[in-house]
Amino acid sequence: NRASTPAPQTFLAPEPAGAFVALQQLETFVNADHPELLQRLALAKAQANSMMTDEMRRDLGVRESRAATVRSRSFDDRLAEIEERFEKGTLTDGMIVSMVTLLKLTEEQFAKLESWLDKIKEDKLRYEASNYFWFRRSQLATEERRFRDSEKYAEKVPEADHRAVLAFEMVEKQLEDLNDASSATQTLSVVSKLAGTLGNTLVRARVRLGLANMYAKVSPTFAINELSDAVAVMNQLKDPDLISTTVHRQILGKDFGHYIAFTVPNYSLEKTFKDLSREDISLPLSNARAIDDRYLRAIAVLAVASNCIEKPKPKDTVAGAY
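Residues numbered from 1 in each chain as written. Predicted model: local features only at pLDDT ≥ 70, side-chain atom pairs only at ≥ 80, totals over all residues. Heavy atoms only, no water.

Enquirer: Teacher, can you tell me more about the overall build of the protein here?
Expert: Broken down by element type, the protein carries 15 helices and 3 strands. The buried share of the protein, reckoned over its 322 residues, is 47%. Put simply, of all contacts in the protein between residues at least 6 apart along the chain, 64% involve residues at least 24 apart. Roughly 17100 Å² of accessible area belongs to the protein as shown, and the carbon and sulfur atoms make up 51% of that amount. (Helix = DSSP H or I, 4+ residues; strand = E, 2+ residues; numbered from the N terminus. Buried < 20%, exposed > 50% of the residue type's maximum accessible area, 1.4 Å probe, protein only. Contact = heavy atoms within 4.5 Å. Areas by Shrake-Rupley, 256 points an atom, 1.4 Å probe, with all protein chains shown as cover.)

What follows is the structure, encoded as structure tokens:
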């Protein structure tokens, strides 16, 4: 959810420098959510660094400097330059993409930039940049409580798990106001229907976990239903990665790349089982025991058990005191 999720991180870099910078950005999330993975992350960073040449390191420094320059210039200045370069025939795809990825935009600025997406020449790059454009625009609409706009923009995001993230952020915002709280269940219902179309996939399992986590705030019964479906799906998968709570996006051009990563606490297996078992452990524990994967089952069972440990013990009373 947006309140507890760090802002998406984005940066420019070629491979393998891109891998090194991606790992640098992920370090914040790993340190906060999964400190047990820090050693593995340090090893991966060392391996990525060893693959970089001196030329790559210099090039990476130049690109990071350019990215900082883009962020320091106003939207109107950048747009004016794009218009001028377009008239001269020297406009590059990277100039448009950087506007989508590196600048904090208002709704008015999103509207002005929208038509320029069609001018990105490379098909795949235009597709990826457009997806992120609508993702960010939906997030802004949610932040400003323009929920209809948020839903409309989210429908243009093709990735099911990314659309689920947008819906979860919207629910968090809706629950802040009693006048909008009734809409939260409807929003989650839409995501549940979407998840039902995804087959036995990792994305469906993660989205169902997120739904269970969010439904716990509005309907415990629906939460358990979503949890049961998540378990049924993960049991159909081979070595499902349900530990990571990070969602990634990459926008790759011929000589540049933008990598975005942000955490989604709702996708946490441990957090979901722990949250759902705070009041009653029976059904969450039953679902935890039903997980086939031993490692994931242990995490889920221990998450449920932690509530028993953390609950304060009742004070001893002595019947028939003196």
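Still to come is the rest of the account.
Enquirer: Got a minute to help me understand helix α12 (residues 220-234) in this structure?
Expert: The end-to-end C-alpha distance of α12, which contains 15 residues, comes to 21 Å, matching closely the 21 Å that a straight helix rising 1.5 Å per residue would cover. The set of residues buried in α12 consists of Ala223, Ile224, Glu226, Leu227, Asp229, Ala230, Val231, Val233 and Met234. (Expected span 1.5 Å × (residues − 1).)

Enquirer: Looking at this structure, I do not really get the packing of helix α9 (residues 160-174) against helix α11 (residues 202-215). What am I missing?
Expert: Axis angle and axis distance: for two packed helices, these are the angle between their axes and the distance between the axes, and together they describe the pair. Across the interface, α9 lies against α11 with an axial gap of 10 Å and an inter-helix angle of 5°. As summarised for this structure, α9 and α11 are arranged roughly parallel, according to the angle between their axes. Of the residues in α11, those touching α9 at Ala160, Asp161, Ala164, Phe168, Val171 and Glu172 are Val203, Val207, Gly210, Leu211 and Met214. When grouped by side-chain class, the residues that make up the contact of α9 with α11 number 8 nonpolar, 1 polar and 2 charged. (Axes fitted to C-alpha atoms, helices over the stretch in contact; angles between N-to-C directions. Parallel < 35°, antiparallel > 145°, perpendicular 65-115°, else oblique. Nonpolar A, V, L, I, M, F, W, Y, C, P; charged D, E, K, R; others polar.)

Enquirer: Quick question: what am I supposed to make of unusual backbone geometry here?
Expert: Glycine aside, the phi torsion of most residues is negative, and most peptide linkages are trans. One non-glycine residue, Arg145, lies in positive phi territory at about 65°. Relative to the helices and strands, Arg145 is located in the loop between α7 (123-143) and α8 (147-154). Residue Arg145 is classed as partly exposed on the basis of its relative accessible area, which comes to 29%.

Enquirer: Hey, could you run me through the side chain of Arg208 in this one?
Expert: Turning to its location among the elements, Arg208 is positioned in helix α11. On the basis of relative accessible area, Arg208 is assigned to the buried category, the value being 7%. Only 2.7 Å separates the side chain of Arg208 from the side chain of Glu226, close enough to count as a polar contact. Not counting residues up to four positions away in its chain, the partners in contact with Arg208 are Ser192, Ala195, Gly196, Glu226, Asp229 and Ala230. (Polar contact = N/O pair within 3.5 Å; in protein donor to acceptor, adjacent residues only side chain to side chain.)

Enquirer: What is the right way to read the nonpolar core from this model?
Expert: In globular proteins that are soluble, nonpolar side chains generally tend to be buried together. Leu113, Phe168, Leu211, Met234, Tyr267 and Phe273 are the most contacted members of the largest nonpolar core, which has 71 residues in total. Here this core takes 8 residues from α7, the largest share from any one element. For Leu211, the residues in contact, after removing those within four places along its chain, are Phe168, Leu188, Val191, Ser192, Ala195 and Glu226. (Core = buried A, V, L, I, M, F, W, Y, C linked by side-chain atoms within 4.5 Å.)

Enquirer: Hey, could you run me through the packing of aromatic side chains in this one?
Expert: Within a pair of aromatic rings, the relevant descriptors are the distance that separates the centres and the angle that separates the planes. Summed over the entire model, instances satisfying the criterion amount to 7 aromatic pairs. Here Phe168 and Tyr267 contribute two aromatic rings whose centre-to-centre distance is 6.2 Å and whose plane-to-plane angle is 80°, an arrangement assigned as edge-to-face. Pair noted here: Phe168 is in helix α9 and Tyr267 is in the loop between β3 (257-263) and α13 (269-276), with a separation of 99 residues, a long-range link. Across this residue pair, the class does not change: Phe168 and Tyr267 are buried. Each ring, one from Tyr215 and one from Phe222, has its centre 5.3 Å from the other, and the planes form 80°; the classification is edge-to-face. Within the aromatic cluster, the residues linked to one another by ring pairs are Phe110, Phe133, Trp134 and Tyr153. (Phe/Tyr/Trp six-rings, centres within 6.5 Å; stacked < 30°, edge-to-face > 60°.)

Enquirer: It is not clear to me how the pattern of salt bridges should be interpreted in this structure. Could you clarify?
Expert: Side chains bearing opposite charge may pair, as long as their charged atoms lie close to each other. Scanning all chains against the criterion turns up 21 salt bridges. The partner of Lys152 in a salt bridge is Asp149, and the shortest N-O contact between them spans 3.7 Å. Of the two residues, Lys152 and Asp149 both sit in helix α8, 3 residues apart, roughly one turn of that helix. When salt bridges with common partners are traced through the structure, they connect Glu107, Glu114, Arg137, Glu144, Arg146, Asp149 and Lys152 into a single cluster. (Salt bridge = Lys/Arg side-chain N within 4 Å of Asp/Glu carboxyl O.)

Enquirer: It is not clear to me how the environment of Val191 should be interpreted in this structure. Could you clarify?
Expert: Locating Val191 in the fold gives a position in helix α10 (residues 178-195). Residue Val191 is classed as buried on the basis of its relative accessible area, which comes to 5%. With 24 residues separating them in the primary sequence, Val191 and Ala167 have C-alpha atoms 7.2 Å apart. With residues up to four places along the chain from it excluded, the contact list for Val191 reads Ala164, Ala167, Phe168, Val207 and Leu211.

Any link to function would need more than the numbers given here.
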